[in-house]
Amino acid sequence: MKIKSYSKVLSALAISSLLLAACSDDTEKSSTKEKKGKDVEQVDTSKFPTKTTNQGEAMEGGHLTYGLVSDTPFEGILNKAFSQGAPDHEIFTFMDDEDLLDTDENYVYNNEGAATYELSEDYKTFTLNIRDNVNWQDGKPVTGADLEYAYLVIASKDYKGPVYDPEQMEKIKGMKEYHEGKADKISGIKVEGKKITFTFTEANPSVKTGLWVYPLHKEYLSDVPIAKMESSDKIRKKPIGFGPFKVKKIVQGEAVEFEANKDYWRGAPKLDSVTLKVVNPSVAVKSLEKGDLDVAEITPDLYDQAKALGNVQILGKIDLAYSYIGFHMGHYDEKKGENVMDNPKFQDKRLRQAMAYAINNEEVGEKMYKGLRFPANSVITPNFKYNNKDLKPYKYDPEKAKKLLDDAGFKDTNKDGLREDPDGKEFKLNFASMSGSDIAEPLTKYYIQQWQQVGLDVQMLDGRLHEFNSFYDLLKKDNEEVDIYQAAWAVASDPDPSGIWGRTALYNYTRWTNEKNDELLAKGVSEEAFDDQYRIDTYNEWQELIHEEVPMIPTLFRYTMTGVNERVTGYDYLAAGQYQWHNVGVTK
């Protein structure tokens, strides 16, 4: 799954840290009740606790073992400005995932984090002050210059990471000139010690939810050329953050040893050390049972095994993520810096709509995921007030799918049971999908079977699933063999979706572009959008456009679960990931 995923440069890029929903009590509410779905018992998700119940006093010198549940090694890009994958994100939540500003339950910045901020009356000047006791793990203070340096890196032509979004970032005065190499500094960013001020060319409501406030250690990193920074030892082997734990040792792709940052600005962690290690999904539950792991994700296929454990508590919540099926509709033009929709296969939206109607996601959620996933109505998750509640998921309707295909000219002209394209030529689609849990392959084959039932010849790319890193390589490089693909996306705290849907967005893997889309994305970050109802209405209209055009099929929203050993105390599954670990301890 891509995250970030989650970065927040005034946009909802998926590499942003996942700012988790706050609740008034310790249980996620859900209308999903325990029921029988033909022969599969559904999980009563309303009973998931979100905090550990152990109230004991944390022991001194405590050590915790965390399982990074994955069937592939982690890439080891341990910095939010460069990382693009969920496994790496799990690692730097311990040491370097902390933004300078905290958010409230609506994901709006507040003044309770490592810095405070003020926004001018005209919304065009944003001033941030870093607290005096916020230091890097080498003892050096975190300053305004460190946050400015992050922008100088991200906006450099030598930067090859995913964060720079011209549609949003160039609202900062002088950003465009710097990015184009016409200036050495960004005129709209001013630094004075631990104070930094941003000046914008126009008001934008996303400054309150999505301004990039993740600094880079300037003194530590500035001797590394920007073009080589992502691959440098200072990012991959010896990273320095200002979070609760410091990296002690890395076994590349396999494990990380952390030690407590005693000078962490929120207070010394209750744990002295943490071991993070990659664990294959097939053995995660057994490792929790044996006590080899204290914390590990529980995938839906392993839920029944996990709930039977006597020494483990299962925590759960609705995830800030969705699964989807994307159509590969073009390519990213690096010279133009924008997406170009030039794949003739998917120009007719009726084909895309038919493929959405042909698959039964309700059945997938109930039978394959025991009710732990449910049909997605949108690409904005239900945790947000911006989710269009009036929009219904694509409902399984194979007859409607067949009619749409007929109307679009996809007909079985040679009577072999499979449709040819409107020109009478063979029409075959390669479907790329990731390996992972035991459900991955059956689910891929299930979708393929359903598409075949309406006459579409869909085949698994290369006849197999692809592991995480190679899968996303296919998408990033616009591999021409990929026609459709199945993936997942983790959303950020800022509702602005332009970071993955914009014309210039590198993460827009479908490469879909649309003038109405451009218009609505611009309205969503306009000065008028400081009026919350205006912004809600704008994003409701935008979601209706996505539903009509179907550049991707949002398939499933999800519950995410983690198993926690009963000896663990202070673990809050709803807390923002980067802020929880200093509170976590273990009892004897």
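Before reading further, recall that the structure is shown in the block above.
Summarised in this report is the structure supplied together with it. Throughout, residues of each chain are indexed from 1 in the direction in which the sequence is written. Since the coordinates come from a predicted model, pLDDT governs what is reported: local features require at least 70, and pairs of side-chain atoms require 80 or more to be given and counted, while whole-chain, interface and lining totals use all residues. Processing note: side-chain calculations cover all non-hydrogen atoms of the structure and skip hydrogens and water entirely.

**Things to note about the overall build of the chain**
Filter applied, for reference: Secondary structure follows DSSP: runs of H or I at least 4 residues long count as helices, runs of E at least 2 residues long count as strands, and numbering of each begins at the N terminus. Within these notes, the globule rule equals 2.2 Å times the number of residues to the 0.38 power, and the radius of gyration is based on C-alpha atoms. When a residue's accessible area, from a 1.4 Å probe over protein chains only, is under 20% of the maximum for its type it is buried; when over 50% it is exposed; and in between it is partly exposed. The Shrake-Rupley method, run with a 1.4 Å probe sphere, supplies the accessible areas, and residue values consider only the shown protein chains as cover. Residues scored as positive are Lys and Arg, those scored as negative are Asp and Glu, and His as well as the terminal groups of each chain are ignored. Charged groups are reduced to one reference atom each: NZ for lysine, CZ for arginine, CG for aspartic acid, CD for glutamic acid.
Each helix and strand in the chain was counted, giving 18 helices and 21 strands. Its C-alpha atoms give the chain a radius of gyration of 24 Å, near enough to 25 Å, the size a compact globule of 588 residues would have. If one aligns the C-alpha atoms of the chain with their principal axes, the spans along those axes are about 75 × 60 × 45 Å. Scored against the burial criterion, the 588 residues of the chain give a buried share of 61%. With the model as given, the accessible surface of the chain reaches about 23100 Å², and the carbon-plus-sulfur share is 45%. When the 75 basic and 98 acidic side-chain charges of the chain are each reduced to a single mean position, those positions are 1 Å apart.

**Observations concerning the nonpolar core**
Where we set the bar: Working definition of a nonpolar core: buried Ala, Val, Leu, Ile, Met, Phe, Trp, Tyr and Cys residues. They are joined through side-chain atoms within 4.5 Å.
Membership of the largest hydrophobic core comes to 75 residues, with the highest contact counts inside it found for Tyr322, Trp451 and Trp501. Looking at this core element by element, the count peaks at six residues for helix H13 (residues 440–453).

**Side note on the packing of helix H11 (residues 361–368) against H13**
Under the convention used in this document: Lines fitted to C-alpha atoms define the axes, with helix axes restricted to the stretch in contact, and inter-axis angles between N-to-C directions lie between 0 and 180 degrees. In what follows, roughly perpendicular refers to angles from 65 to 115 degrees, roughly parallel to angles under 35, roughly antiparallel to angles over 145, and oblique to any angle outside these ranges. Throughout, a crossing is termed right-handed when the near helix is turned clockwise from the far one, and left-handed when it is turned anticlockwise from it by less than a right angle. Should any heavy atoms of two residues lie within 4.5 Å, those residues are considered in contact. Amino acids are sorted into nonpolar (Ala, Val, Leu, Ile, Met, Phe, Trp, Tyr, Cys and Pro), charged (Asp, Glu, Lys and Arg) and polar (every other residue, Gly among them).
Packing of H11 against H13 leaves a shortest axis separation of 12 Å and a crossing angle of 155°. On the basis of their axis angle, the class for H11 and H13 is roughly antiparallel. Our pair here, H11 against H13, has a crossing hand that is right-handed. Residues Asn361, Glu363, Val364 and Met368 of H11 form the contact with H13, whose own contacting residues are Pro442, Leu443, Tyr446 and Tyr447. Of the residues in the contact of H11 with H13, the class split is six nonpolar, one polar and one charged.

**Side note on the pairing of strand S19 (residues 552–565)**
Convention followed: Paired strands, as defined in this entry, are two strands with at least two bridges between them according to DSSP.
Burial analysis of S19 places 14 of its 14 residues in the buried class, which makes it a mostly covered element. Two strands pair when backbone bridges link them, and strand S11 (residues 295–298) and S19 are joined in this way by four bridges, in the antiparallel orientation. When the sheet's bridge partners are listed, valine 295 is paired in S19 with valine 564. Bridging between strand S12 (residues 312–327) and S19 involves 12 bridges; their strand directions are antiparallel. Each bridged residue has a counterpart across the sheet, and for tyrosine 324 the counterpart in S19 is proline 554. Note that strand S15 (residues 373–375) and S19 share three bridges and pair antiparallel.

**Some remarks on the packing of aromatic side chains**
Defined as follows: Between rings of Phe, Tyr and Trp, where Trp is taken as its six-membered ring, a pair exists when centres lie within 6.5 Å; planes separated by under 30 degrees are stacked, by over 60 edge-to-face, and by other angles tilted. Charge-over-ring placement is defined geometrically: NZ (Lys) or CZ (Arg) within 6 Å of the ring centre, and within 35 degrees of the ring normal.
Considering all chains together, one arrives at 39 aromatic pairs under this definition. Relative to tryptophan 265, the ring of tyrosine 264 has its centre 6.3 Å away and its plane inclined at 65°; by these criteria the two rings are edge-to-face. Across the pair, exposure class does not vary: tyrosine 264 and tryptophan 265 are buried alike. Measuring from ring centre to ring centre gives 5.2 Å for phenylalanine 327 and phenylalanine 346, while their planes differ by 55°; the resulting arrangement is tilted. Separated by 19 residues along the polypeptide, phenylalanine 327 in strand S12 and phenylalanine 346 in the loop between strand S14 (338–340) and helix H10 (349–357) bring together distant segments of the chain. The exposure classification of phenylalanine 327 matches that of phenylalanine 346, with both residues buried. The rings of Tyr322, Tyr324, Phe468, Phe471, Tyr472, Tyr485, Trp489, Tyr507 and Tyr509 are connected pair by pair, giving a single aromatic cluster. Above the face of the phenylalanine 427 ring, lysine 345 is positioned so that its terminal group lies 6.0 Å from the ring centre.

**Topic: the pattern of salt bridges**
Just so we agree on the cut-off: Salt-bridge detection follows one rule: a side-chain nitrogen of Lys or Arg within 4 Å of a carboxyl oxygen of Asp or Glu.
This model, assessed by the stated rule, comprises 33 salt bridges. For the salt bridge of lysine 476 with aspartate 473, the shortest nitrogen-to-oxygen distance reads 4.0 Å. Here lysine 476 pairs with aspartate 473, and both are found in helix H14 (residues 468–476), just three residues apart, close to one helical turn. Of the residues examined, lysine 476 reaches a relative accessible area of 36% and is grouped as partly exposed. Judged by relative accessible area, which is 32%, aspartate 473 ranks as partly exposed. A cluster of three or more residues bridged by salt bridges with shared partners is formed by Lys349, Arg352, Glu548 and Glu549.

**Some thoughts on a negative patch on the surface**
Here is the rule we go by: In this scheme, patches are assembled from residues that exceed 30% relative accessible area and form no salt bridge. Like charges are connected within 9 Å, while nonpolar side chains (Val, Leu, Ile, Met, Phe, Trp, Tyr) are connected within 5 Å.
The grouping of Glu121, Asp122, Glu202, Glu527 and Glu528 at the surface amounts to a negative patch. Tracing the sequence through the fold places glutamate 528 in the loop between helix H16 (515–524) and helix H17 (532–549). Classification of glutamate 528 as partly exposed rests on a relative accessible area of 48%.

**Brief notes about the side chain of asparagine 79**
Put simply, the test is: In protein, a polar contact means a hydrogen-donor-capable atom and an acceptor-capable atom, both N or O and within 3.5 Å, with residues adjacent in sequence counting only if both atoms are side-chain atoms; elsewhere, any N or O pair within 3.5 Å suffices.
Tracing the chain through its elements places asparagine 79 in the loop between strand S3 (62–69) and helix H1 (86–92). Of the residues examined, asparagine 79 reaches a relative accessible area of 4% and is grouped as buried. Here tyrosine 214 takes part through its side chain, which lies 3.5 Å from a polar atom of the side chain of asparagine 79. Once residues lying within four places of it in the same chain are set aside, the contact partners of asparagine 79 are Phe92, Asp96, Tyr214, Leu216 and Ile235.

**Some words on the side chain of glutamine 137**
Checked against the element boundaries, glutamine 137 lands in the loop between strand S5 (125–130) and helix H2 (144–154). By relative accessible area, which is 12% here, glutamine 137 ends up buried. Of note is the side chain of glutamine 137, whose polar atom sits 3.2 Å from the backbone oxygen of methionine 95. Of note is the side chain of glutamine 137, whose polar atom sits 3.2 Å from the backbone oxygen of glycine 243. Beyond its immediate sequence surroundings of up to four residues, glutamine 137 is in contact with Met95, Ile240, Gly241, Phe242, Gly243, Phe245, Lys246 and Asn261.

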